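Geometric and topological summary
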Amino acid sequence: MAPGPAIVAAVPDLISISEAVELVLARVRPLAAERVPLDAAAGRYVAEAAHSLVDLPPFPASAMDGFALRSEDTPGRLPIAGRIVTGTPSPDVLAAGQTIGISTGGVVPDGADAVVPVELVTEEGGTLVVPKAVVGGDNIRPRGGDLAAGDVVVAPGTRLGPAHVGALAAGGVPEVAVGRRPRVCVLVTGSELQAPGTPLGPGQIYDANGSILAAQLSAAGAEVERLPPVRDDEEATFAAIKRGLEADVLITTGGVSVGVHDLVRSAEAQLGVEEIFWRVAMRPGKPIAFGVRGSTLVFGLPGNPVSSLVGFELFVRPALLALQGATNPHPEFLPGRLVRGSKRVAERDSLIRARRTVRDGEVLLEPLSGQDSHMIARAATADALVLVPRGDGVLEAGSAVEFLPL
Ligand code: AMP
Ligand code: MG
């Protein structure tokens, strides 16, 4: 019998970063909306369009301190009919040939079609001398010139910033429907972990990941609950994960590699978590796991602090933003240029820590020395994560790259 083709055991290739992001986002269902007062709304994601209750501005308003008049009466000498106080109604109509004093924000009376600034005129007794012709419409903010009553002020998916809440306030909107904050449980695993504030025993290290994640989570709009660190013990791990699965999102760190103490994935499997992927073609952070149970998203980040930090930025933050209803939750990579060469990794995309500067309008990225995934103190001096695509040799200095701001 002729020999058949060699049969090679199928080793699944590691999935790419972007494939993993899509697998995560495909599992996200936005959380229910809640109404919050405007002053609590900054940083939240709009769930339902909010409409202005009034025209903006609500009336034709003066843009200057000066005098309202009819442009056709200028140049000329006009009797001053009085003064309009800001915040009060103006006389119904300005009579032809007259003028009236007005401040910025005052209601321009019917009949007037322009405001001449106080700097361009002189007062002689009760008469205003306007030396030059004034153009119709000058220095008047038309009613509804910014927005009409009923118009959308903020569309669904918008992350509310200071100007958005300001526009809502100006439109008379006292509260806004936003996506609920995700409740996120953080569980760090490892028998070696000790909380800062207590002395280290032999072989122990301080838990850095819990603090990193708590900071990343609150910046991403989540409500954080930290469980006590759990030892590498099957029962303790099982009990802690069971508890964590009550949240909208469970994030564990450590215990997702192939070591004998890596108990997280098996505990999750026993608890009914469906694993969507395990291991991504990246460095640091290859042994990252993602799964779901019901509506709970379950992220298993590797234990090394930089791996945990990077895994959060690439996969967890997008999920949190999508849960809150963000229009575009994807990691926002920006263009830049490497100023020093960086060694590539054959089968994995690297995310290297770098410092950025701007020169001639271009972001220059200088990789830090000390790129090991345990080096959280070095990573703390970085403000960019640069994507160095997989490959051979070195990605040369001067290469165009993409980075995530930190
Ligand atoms: P693991 O993923 O559990 O194999 O852990 C990988 C490395 O990360 C080990 O050196 C751990 O001691 C370290 N590590 C795990 N969890 C933490 C943590 N919460 N804070 C700091 N280092 C950690
Ligand atoms: Mg461990």
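Residues numbered from 1 in each chain as written. Chains lettered and ligands numbered in written order. Predicted model: local features only at pLDDT ≥ 70, side-chain atom pairs only at ≥ 80, totals over all residues. Heavy atoms only, no water.

**Things to note about the overall build of the chain**
A tally of helices and strands in the chain yields seven helices and 28 strands. A compact globule built from 406 residues would reach a C-alpha radius of gyration of about 22 Å, whereas the chain, at 31 Å, exceeds it by more than 25%. Judged by the C-alpha coordinates and their principal axes, the chain covers about 110 × 60 × 50 Å. Residue burial in the chain is summarised as follows: out of 406 residues, 45% are buried. Surface summary for the chain: the accessible area is close to 20000 Å², and the carbon and sulfur share equals 54%. The average position of the 35 basic charges and that of the 46 acidic charges among the side chains of the chain differ by 6 Å. (Helix = DSSP H or I, 4+ residues; strand = E, 2+ residues; numbered from the N terminus. Rg over C-alpha atoms; globule rule 2.2 N^0.38 Å. Buried < 20%, exposed > 50% of the residue type's maximum accessible area, 1.4 Å probe, protein only. Areas by Shrake-Rupley, 256 points an atom, 1.4 Å probe, with all protein chains shown as cover. Lys, Arg positive; Asp, Glu negative; His and termini not counted. Charge placed at Lys NZ, Arg CZ, Asp CG, Glu CD.)

**A short note on the site of ligand 1**
What surrounds ligand 1 is a group of 15 residues, the closest being Glu192, Asp207, Ala208, Gly255 and Gly303. Here Ala208 contributes a backbone N or O atom positioned 2.9 Å from a nitrogen atom of ligand 1. Separating an oxygen atom of ligand 1 from a backbone N or O atom of Asn304 is a distance of 3.1 Å. Looking at the shell around ligand 1, its residues break down into six nonpolar, seven polar and two charged. (Near = heavy atom within 4 Å. Polar contact = N/O pair within 3.5 Å; in protein donor to acceptor, adjacent residues only side chain to side chain. Nonpolar A, V, L, I, M, F, W, Y, C, P; charged D, E, K, R; others polar.)

**Section: the nonpolar core**
Ile17, Leu217, Ile251, Leu297, Phe299, Phe315 and Leu320 are the most contacted members of the largest nonpolar core, which has 44 residues in total. Grouped together as the second largest cluster of nonpolar side chains are 17 residues, Leu227, Ala236, Val256 and Ala289 included. (Core = buried A, V, L, I, M, F, W, Y, C linked by side-chain atoms within 4.5 Å.)

**Thoughts on the sheet that holds strand 5 (residues 76–83)**
Reading across from one edge, 7-4-6-5-9-8 is the order of the six strands in this open sheet, with mixed pairing throughout. Each edge of the open sheet is held by one strand with a lone partner, namely strand 7 (114–117) and strand 8 (122–124). Across the sheet, the mean angle separating the axes of adjacent strands is 40° when strand polarity is ignored. Sheet topology note: the strand 8/strand 9 (residues 127–130) ladder contains three bridges and is antiparallel. Within strand 9, the residue paired with Thr122 across the bridge is Val129. (Pairing = 2+ DSSP bridges. Axes fitted to C-alpha atoms, helices over the stretch in contact; angles between N-to-C directions.)

**Details of the packing of aromatic side chains**
All told, the structure shown has three aromatic pairs when counted by the stated rule. Residues Phe277 and Phe290 carry aromatic rings whose centres are separated by 5.7 Å and whose planes lie at 40° to one another, so their mutual orientation is tilted. Here Phe277, found in strand 18 (residues 274–278), pairs with Phe290, found in strand 20 (residues 289–293); they are 13 residues apart in sequence, far enough to count as distant. Comparing Phe277 with Phe290 shows no difference in burial state: the two are buried. An aromatic cluster is defined as three or more aromatic residues linked by ring pairs; in this entry it consists of Phe277, Phe290, Phe299 and Phe315. A cation sits over an aromatic face here: Arg83 above Phe67, 5.9 Å from the ring centre. Against the face of Trp278 rests Arg265, its NZ or CZ located 3.6 Å from the ring centre. (Phe/Tyr/Trp six-rings, centres within 6.5 Å; stacked < 30°, edge-to-face > 60°. Lys NZ or Arg CZ within 6 Å of the ring centre and 35° of its normal.)

**Some thoughts on the sheet that holds strand 20**
Here we have six strands laid out as an open sheet, ordered 16-13-17-21-20-18, and mixed in their pairing. A strand with exactly one partner marks an edge of an open sheet, and here the two such strands are strand 16 (223–226) and strand 18. Shown here is a sheet whose adjacent strand axes are inclined to one another by a mean of 20°, direction ignored.

**Notes on the packing of helix 1 (residues 17–26) against helix 6 (residues 305–323)**
Helix packing geometry: the angle between the two helix axes and the distance between the axes. Interhelical geometry of helix 1 versus helix 6 gives an angle of 30° and a closest axis separation of 9 Å. Between helix 1 and helix 6, the interaxial angle falls into the category roughly parallel. Between helix 1 and helix 6 lies a crossing whose hand is right-handed. For the pair formed by helix 1 and helix 6, the contact residues are Ile17, Ala20, Val21, Val24 and Leu25 on the first element and Leu314, Phe315, Pro318, Ala319 and Ala322 on the second. For the contact of helix 1 with helix 6, the per-class residue count stands at ten nonpolar, no polar and no charged. (Parallel < 35°, antiparallel > 145°, perpendicular 65-115°, else oblique. Left-handed = near helix turned anticlockwise from the far one by under 90°. Contact = heavy atoms within 4.5 Å.)

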